[in-house]
Amino acid sequence: MTTDDTGRLAENLSRELRHIVMLLRRTTAGQPVTVQQYSVLGSLENGACRMTALAEEHGVQLPTMSVQVNRLEEAGLVARGTDASDARVRTVELTGEGRDRLRAVRRARIAYLSGRLGALTPEERAAIARALPALAKLGRS
């Protein structure tokens, strides 16, 4: 694959991923929690996280992440804590309600995507299934 081919592939992938993200965002439209806030909840799914790490993961400055976390805390979806190894370090973790809300959103997105995938041909679904390992590798590198 040439550099031009790789560039076209990147351009096409970027465009199609944008459409898929927009499609998924529709499943939470009208909810009191924003798409960005749901993303923060997802980042906390595996346990407490430092505020600085959250900001870095989401590509925002610490004050921006603090605003998001404040709103989630006010909604009862996250709780703040301190790091056991350094009491100066602020952490954030999901509350039970936050975990329930995240699961509900995930179920809605999966149901929505299932319906969309069901409209594809078996060959198209198989092509997507074959592409998943490469997409996972791309997203985690």
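Structure first, text after, so check above.
Residues numbered from 1 in each chain as written. Predicted model: local features only at pLDDT ≥ 70, side-chain atom pairs only at ≥ 80, totals over all residues. Heavy atoms only, no water.

1. Quick look at the overall build of the protein
Test applied: Runs of H or I in DSSP of at least four residues are treated as helices and runs of E of at least two as strands, each being numbered from the N terminus. We take the radius of gyration over the C-alpha atoms and set the globule estimate at 2.2 Å times the residue count to the 0.38 power. Partly exposed residues are those whose accessible area sits between 20% and 50% of the maximum for their type, while under 20% is buried and over 50% is exposed, using a 1.4 Å probe and protein chains only. Throughout, a contact is declared for two residues whenever any of their heavy atoms are within 4.5 Å. Using a 1.4 Å probe, the Shrake-Rupley method yields the accessible areas, and only the shown protein chains count as cover for residues. Charged-residue counts in this description rest on Lys and Arg as positive and Asp and Glu as negative, His and the chain ends being excluded. A charge is said to be at NZ when it belongs to Lys, at CZ for Arg, at CG for Asp and at CD for Glu.
Looking only at helices and strands, the protein has six helices and three strands in total. When its helices and strands are written in sequence order, the protein yields α-α-β-α-α-β-β-α-α. Radius of gyration (C-alpha) of the protein: 18 Å, far over the 14 Å computed for a compact globule of 141 residues. In terms of overall dimensions, the protein has a C-alpha envelope of 50 × 35 × 25 Å along the principal axes. In the protein, which comprises 141 residues, the proportion classed as buried is 23%. If you take every contact in the protein between residues at least 6 apart in sequence, the share linking residues at least 24 apart comes to 48%. As displayed, the protein has an accessible area near 9700 Å², and 55% of this comes from carbon and sulfur atoms. Across the protein, the centroid of the 21 positively charged side chains sits 3 Å from that of the 16 negatively charged ones.

2. A word on the nonpolar core
We apply this condition: Remark: nonpolar core denotes a set of buried residues (Ala, Val, Leu, Ile, Met, Phe, Trp, Tyr, Cys) joined through side-chain atoms within 4.5 Å.
Grouped together as the largest cluster of nonpolar side chains are 18 residues, with contacts concentrated most on Leu41, Leu44, Leu54 and Val78. Of all the elements in the fold, those that place two or more residues in this core are α2 (35-43), α3 (51-58), α4 (62-74), β3 (86-94) and α5 (96-118). Not counting residues up to four positions away in its chain, the partners in contact with leucine 41 are Leu72, Leu77, Val78, Leu94, Gly98 and Leu102.

3. Here we look at the layout of surface pockets
Heads up, the condition is: Computed over the protein atoms alone on a 1 Å grid, cavities are sets of points where a 1.4 Å probe fits but cannot get out and pockets are open sets with protein on both sides within 12 Å along at least five of seven lines; a residue lines them when it has an atom within 4 Å of a point. Grid points are joined across faces, edges and corners, and a volume is the space filled by probe spheres set on the points. Each residue is assigned to one of three groups, with Ala, Val, Leu, Ile, Met, Phe, Trp, Tyr, Cys and Pro labelled nonpolar, Asp, Glu, Lys and Arg labelled charged, and all others, Gly among them, labelled polar.
In this model, the largest pocket occupies a volume close to 1400 Å³. Considering the residues around the largest pocket, the lining is formed by 30 residues, among which Leu17, Ile20, Val21, Leu24 and Leu113 are closest to the centre. Contributions of two or more residues to the lining of the largest pocket are made by α1 (3-25), α2, α5 and α6 (122-139). Element by element, the count of residues in the lining of the largest pocket is highest for α1, at nine residues. Its residues assigned to classes, the lining of the largest pocket shows 20 nonpolar, four polar and six charged.

4. Here we look at the pairing of strand β2 (residues 78-83)
The condition is simple: Strands pair, by our definition, only if DSSP identifies at least two bridges between them.
Strand direction decides the pairing type here: β2 and β3, joined by six bridges, are antiparallel. Residue arginine 80 lies in a different strand from β3, and its bridge partner there is valine 92. Linking β2 to β3, which pair antiparallel, is a turn of two residues.

5. Overview of the pairing of β3
Of the pairings in the sheet, the one linking strand β1 (residues 49-50) to β3 comprises two bridges and is antiparallel in character. Its bridge partner being in β3, arginine 50 is matched across the sheet by threonine 91.

6. Description of the sheet that holds β1
Taken together, the three strands give an open sheet; going across it, the order is β1-β3-β2, and neighbouring strands pair in antiparallel fashion. Among the strands making up the open sheet, the edge pair consists of β1 and β2.

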